[in-house]
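Fold and contact review
In case you want the letters, here they are:
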Amino acid sequence: MARAESIAPSHALVLNARAISELQGGNAARARELLERAVDVDPANPALWMNIATACRALGRIDDEEIALHRVLQLEPRHLLGLLQKAELLTRRGKPKAAASVYQNALQTIQPNQRLPEVMRDALNRAFDAVRRNDAALADYIGESVRAVRASHSPEALSRAEHALAALTGARRIYLPQPTFLHVPKIATDEFYPREQFEWLGEFEAATPEIRAEFERALLEDSAGAVPYIDYPDGVPLDQWAELNRSRRWSAFFLWRDGVRVDAHAERCPRTSSLLAKAPTADVRGYAPTAFFSILDKKSHIPPHCGVTNSRLIVHLPLVVPGNCRFRVGSETREWKVGKAWVFDDTIEHEAWNDSDVPRAVLIFDTWHPGLTSGERELLRTAVPAIKDYYRDEVAITGSEQ
């Protein structure tokens, strides 16, 4: 330090280094003096202003600390330390709501998987706690404000606005479709779709005992027909599928697979096949329909993932549900109930659990998204196989691999 000062005593970085040494030695007044000389030389350096704020804090000069932090955030609005210290200053001023807002801004600057210094752990924990407390208080305040409105409308009539308020207060997230292959924009998006859009579901539900009997008989007669649903070749990045790849913990007995009828299986299940033939299943050469009995073994978990395209939706008809079996789509988690079907968008992140001691079985098949016009369906029926044909000789692409 002495050598640096002898060469360039007025250099901003030299002054800053000496100031840090003074701060560490407990001489905040001298540190501030040196830092003010440094910002005279380099006024656009946010680190210098941040150190001035720290010196002012040590001196109990809260107004001067606020001025220095304001300068930091003028120069670098996403300065994490500056935001954290500003929030702490607001807390000391008795403004917890304003502090929580600044803490929220600070947390939003942190990128996923970003590694932060251990010295910041306590400050970040205070930030998380402050945001949680404020979200809870805001939710209570909103709840009191809208009590009469909620009493005069059904939950279904308010569901979208309730989701928005829950997302605002951190109770729920808003998940968007993230197809791994084809994304159709400007069509309605929901996690679970209203039943009234799919009148034909009732016929499937009424036939649940017959469908279940066919499934159980088919599996008894042809247990080898149930194959691992996840079956990636060697050399493919598995990510979340490493545990389930080629595992019968999640297996499928296909009636239709990637647009091809599995005759030997379908013929064992005539009632199920007749219902599928009448349903508005998606039909795209090489891709759809796909229909199968999904068997999730005891104590098994299907990790969060997204489907290939939002041009079609997925139907679940639960057949064997031992209890402790749940299914999450986006921010909503439901329990399967035998004979109660639902329709969901599988391009929204979803996952499943079977925490029971016996397997769970569900009939799964795809149906066109009701928001597509007949012309759009025809276009996709033609274009999607053309994409596959284009890559045929050089890249193996299948519906399950997309």
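To start, this report covers the structure provided alongside it. In this convention, every chain numbers its residues from 1, walking through the sequence in written order. Owing to the predicted nature of the model, reporting of local features is limited to residues with pLDDT of at least 70; listing and counting of side-chain atom pairs is limited to 80 or more, with chain, interface and lining totals taken over all residues. Water and hydrogen atoms were dropped before computing side-chain values, which therefore reflect all heavy atoms in the structure.

**Focus on a nonpolar patch on the surface**
Each patch is built from salt-bridge-free residues with over 30% relative accessible area, joining like charges within 9 Å and nonpolar side chains (Val, Leu, Ile, Met, Phe, Trp, Tyr) within 5 Å. Surface accessibility in these figures is a Shrake-Rupley result with a 1.4 Å probe; residues are shielded only by whichever protein chains are displayed. Should a side-chain nitrogen of Lys or Arg be within 4 Å of a carboxyl oxygen of Asp or Glu, the pair is scored as a salt bridge. A contiguous nonpolar patch, built from Leu138, Tyr141 and Leu168 and spanning about 340 Å² of accessible area, is present on the exposed surface. As for its placement among the helices and strands, Leu138 is situated in helix 8 (residues 121–145). Think of it this way: any DSSP run of H or I at least four residues long counts as a helix, any run of E at least two long counts as a strand, and we number them from the N terminus.

**Re the sheet that holds strand 7 (residues 325–329)**
Pairing is antiparallel across the open sheet formed by four strands, whose spatial order is 5-10-7-8. The strands lining the two open edges of the sheet, one partner per strand, are strand 5 (300–305) and strand 8 (332–335). Pairs of neighbouring strands in the sheet enclose a mean axial angle of 15 degrees, with direction left out of account. Strand pairing requires that DSSP identify at least two bridges connecting the strands. Two strands pair when backbone bridges link them, and strand 7 and strand 10 (residues 350–354) are joined in this way by five bridges, in the antiparallel orientation. Across the sheet, residue Arg328 finds its bridge partner in strand 10, namely Glu351. Lines fitted to C-alpha atoms define the axes here, with helix axes fitted over just the stretch in contact, and angles between the N-to-C directions of these axes take values from 0 to 180 degrees.

**Describing the packing of aromatic side chains**
Classification of ring pairs uses Phe, Tyr and Trp, with its six-membered ring standing for Trp, and accepts pairs whose centres are within 6.5 Å; under 30 degrees between planes counts as stacked, over 60 as edge-to-face, and the remaining range as tilted. All told, the structure shown has 21 aromatic pairs when counted by the stated rule. Summarising the aromatic geometry, the rings of Phe181 and Tyr287 are spaced 5.8 Å apart at their centres and angled 5 degrees between planes, so their arrangement reads as stacked. Highlighted residues: Phe181 in the loop between helix 10 (155–168) and helix 11 (201–206) and Tyr287 in the loop between helix 14 (270–278) and strand 4 (291–296), separated in sequence by 106 residues. Owing to a relative accessible area of 10%, Tyr287 belongs among the buried residues under this scheme. Ring plane angle 15 degrees and centroid distance 5.9 Å describe the contact between Phe327 and Trp342, whose orientation is recorded as stacked. Of this pair, Phe327 sits in strand 7 while Trp342 sits in strand 9 (residues 342–344); the two residues are 15 residues apart in sequence, bridging distant segments of the chain. The same class applies to Phe327 and to Trp342, which are both buried. Connected via pairs of aromatic rings, a cluster forms that spans Phe192, Phe327, Trp336, Trp342 and Phe344. Cation placement over rings: the criterion is NZ of Lys or CZ of Arg within 6 Å of the ring centroid and within 35° of the ring normal. Over the ring of Phe192 we find Arg334; its NZ or CZ atom is 3.9 Å from the centre of that ring. Over the face of the ring belonging to Trp336 we find Arg360, whose NZ or CZ atom lies 4.7 Å from the ring centre. Throughout this description, buried means an accessible area under 20% of the type-specific maximum (1.4 Å probe, protein chains only), exposed means over 50%, and partly exposed covers the range between.

**Topic: the packing of helix 4 (residues 46–59) against helix 5 (residues 62–75)**
Two numbers describe how helix 4 lies on helix 5: the axes approach to 8 Å, and their chain directions differ by 160 degrees. The angle between the axes of helix 4 and helix 5 places the two elements in the roughly antiparallel class. Judged by the sense of rotation from one axis to the other, the crossing of helix 4 with helix 5 is left-handed. Contacts between helix 4 and helix 5 involve Pro46, Trp49, Met50, Ile52, Ala53, Cys56 and Arg57 from the first element and Asp64, Glu65, Ala68, Leu69, Arg71, Val72 and Leu75 from the second. For the contact of helix 4 with helix 5, the per-class residue count stands at ten nonpolar, no polar and four charged. Put simply, angles under 35 degrees are roughly parallel, angles over 145 are roughly antiparallel, angles from 65 to 115 are roughly perpendicular, and the rest are oblique. Crossings are sorted by hand: turned counterclockwise from the far helix by less than a right angle, the near helix makes the crossing left-handed, and turned clockwise it makes it right-handed. In what follows, residue pairs with any heavy atoms lying within 4.5 Å of each other are defined as contacts. For this classification, the nonpolar set comprises Ala, Val, Leu, Ile, Met, Phe, Trp, Tyr, Cys and Pro, the charged set comprises Asp, Glu, Lys and Arg, and every other residue, Gly included, is treated as polar.

**Observations concerning the packing of helix 5 against helix 6 (residues 80–92)**
Contact geometry for helix 5 and helix 6: axes closest at 10 Å, N-to-C directions at 150 degrees. Comparing their axes, helix 6 and helix 5 come out roughly antiparallel. For the crossing formed where helix 5 meets helix 6, the hand is left-handed. Packed against helix 5, whose contacting residues are Ile62, Glu65, Glu66, Leu69, Val72 and Leu73, the element helix 6 presents Gly82, Leu83, Gln85, Lys86, Leu89 and Arg92 at the interface. Among the residues making up the contact of helix 5 with helix 6, the classes are represented as six nonpolar, two polar and four charged.

**Considerations on unusual backbone geometry**
Cis geometry is found at the peptide bond from Ala288 to Pro289, where omega equals 10 degrees. Checked against the element boundaries, Pro289 lands in the loop between helix 14 and strand 4. With a phi close to 50 degrees, Lys299 is a non-glycine residue in the positive phi region. One can find Lys299 in the loop between strand 4 and strand 5. A residue is classified by how much of its surface remains accessible, and Lys299, at 52% relative accessible area, is exposed. In the Ramachandran plot, Asn324 falls in the positive-phi region, its phi being about 55 degrees despite a non-glycine side chain. Along the chain, Asn324 falls in the loop between strand 6 (312–320) and strand 7. For Asn324, a relative accessible area of 53% gives the class exposed.

**So, the pairing of strand 2 (residues 250–257)**
Within strand 2, six of the eight residues are buried, which leaves the element mostly enclosed by the surrounding structure. Pairing of strand 1 (residues 227–228) with strand 2 involves two bridges; the strand directions are antiparallel. Across the sheet, residue Pro228 finds its bridge partner in strand 2, namely Ser251. Judged from the six bridges that link them, strand 2 and strand 4 form a sheet pairing that is antiparallel. Counted as the bridge partner of Trp256 is Ala291 from strand 4. By the bridge criterion, two bridges tie strand 2 to strand 3 (residues 260–261) in an arrangement that is antiparallel. In the sheet register, Arg257 faces strand 3, and the bridge partner there is Val260. Counted between consecutive antiparallel strands, the loop separating strand 2 from strand 3 contains two residues, among which Asp258 sits at a positive phi close to 50 degrees.

**Some words on the pattern of salt bridges**
Counted according to the given criterion, the structure contains 32 salt bridges. A salt bridge links Lys278 to Glu203; the nearest nitrogen and oxygen atoms lie 2.6 Å apart. Separated by 75 residues along the polypeptide, Lys278 in helix 14 and Glu203 in helix 11 bring together distant segments of the chain. The exposure class of Glu203 is partly exposed, given its relative accessible area of 34%. Within this structure, Arg32, Glu36, Arg61 and Asp64 form a network of salt bridges that share partners.

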